[in-house]
Amino acid sequence: MPDNRSRAVIGGSPRRYRFRSDWRVAAPPDAVHRVLERHEDYQRWWPHIREVVQTGPDSGRCRFRSVLPVELCVTVRALRRDPAARVLELALGGDLRGRMLFQVQARGAGARVRIRQDTELCRPLLRPLGGLARPLLVANHALMMRAGRRGLRAWLEAHLEDG
């Protein structure tokens, strides 16, 4: 999958969304993984993440909104943290229920971030829209992921130079 591709895998329930995103980042893989594990900094580099609140050692909640005027509130719980393998797997609840997986791999002089999401839209306002809103929600997700990639690249560039 080329750089910054975000792809929805269609099928099943109209409320179920499966996304695959690959990002190329010009930074050491371990540094990239450390940034992804620091959820408290996400709102500083990912513009669509409005708030992150830690609720426990491996849990929290976040609010995010992309281009559409819909804010989602999600609870997050770490299922797997493996710095040696550079893997972070999360369980999601609230407006989205499912899982999210981040895998960071060495690629040339930088890193590749593989993001996999398998979620069900649970927000009551959006559930009845089902398949009608799907193209808009998929496009909204792609814009959010593009902003996340850009933000991560800028954050790493600024903070790797700081040491």
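None of these values were measured; they are calculated from a predicted model.

Q: Mind showing me how you'd approach the state of the cysteines here?
A: Each disulfide consists of a covalent bond between the sulfur atoms of two cysteine residues. Tallying each qualifying case throughout the model produces 0 disulfides. In this structure C62 is a free cysteine whose sulfur lies 8.3 Å from that of C73, the closest cysteine sulfur available. On the accessibility criterion, C73 (37% relative accessible area) is partly exposed.

Q: Can you walk me through the environment of R77 in this structure?
A: Position of R77 among the secondary structure elements: in strand β5 (residues 72–82). With 19 residues separating them along the chain, R77 and D58 place their C-alpha atoms 5.7 Å apart. Apart from residues lying up to four places away in sequence, R77 is in contact with D58, S59, E89, L90 and A91.

Q: Explain the pattern of salt bridges here, please?
A: Where charged atoms from two side chains of opposite charge come close, those side chains can pair. According to the stated counting rule, one finds 15 salt bridges in the structure shown. Salt-bridge contacts for R63 lead to E51; the nearest nitrogen and oxygen are separated by 2.9 Å. Residue R63 is located in strand β4 (residues 59–64), and its partner E51 is located in strand β3 (residues 49–56); the two are separated by 12 residues in the primary sequence. For R63, a relative accessible area of 25% puts it in the partly exposed group. When its relative accessible area of 29% is taken as the criterion, E51 is described as partly exposed. It is possible to trace a salt-bridge network through shared partners that takes in R38, E40, D41 and R44.

Q: Mind showing me how you'd approach the nonpolar core here?
A: For soluble globular proteins, nonpolar side chains are generally found buried alongside one another. In this structure, V32, L36, F102, V113 and L152 are the most contacted members of the largest nonpolar core, which totals 37 residues. The leading source of residues in this core is helix α3 (residues 130–162), at 7 residues. Once residues within four sequence positions are removed from consideration, V32 is found in contact with V25, A27, V104, A111, V113, L152 and L156.

Cut-offs applied
- Residues numbered from 1 in each chain as written.
- Predicted model: local features only at pLDDT ≥ 70, side-chain atom pairs only at ≥ 80, totals over all residues.
- Heavy atoms only, no water.
- Disulfide = S-S within 2.5 Å.
- Buried < 20%, exposed > 50% of the residue type's maximum accessible area, 1.4 Å probe, protein only.
- Helix = DSSP H or I, 4+ residues; strand = E, 2+ residues; numbered from the N terminus.
- Contact = heavy atoms within 4.5 Å.
- Salt bridge = Lys/Arg side-chain N within 4 Å of Asp/Glu carboxyl O.
- Core = buried A, V, L, I, M, F, W, Y, C linked by side-chain atoms within 4.5 Å.

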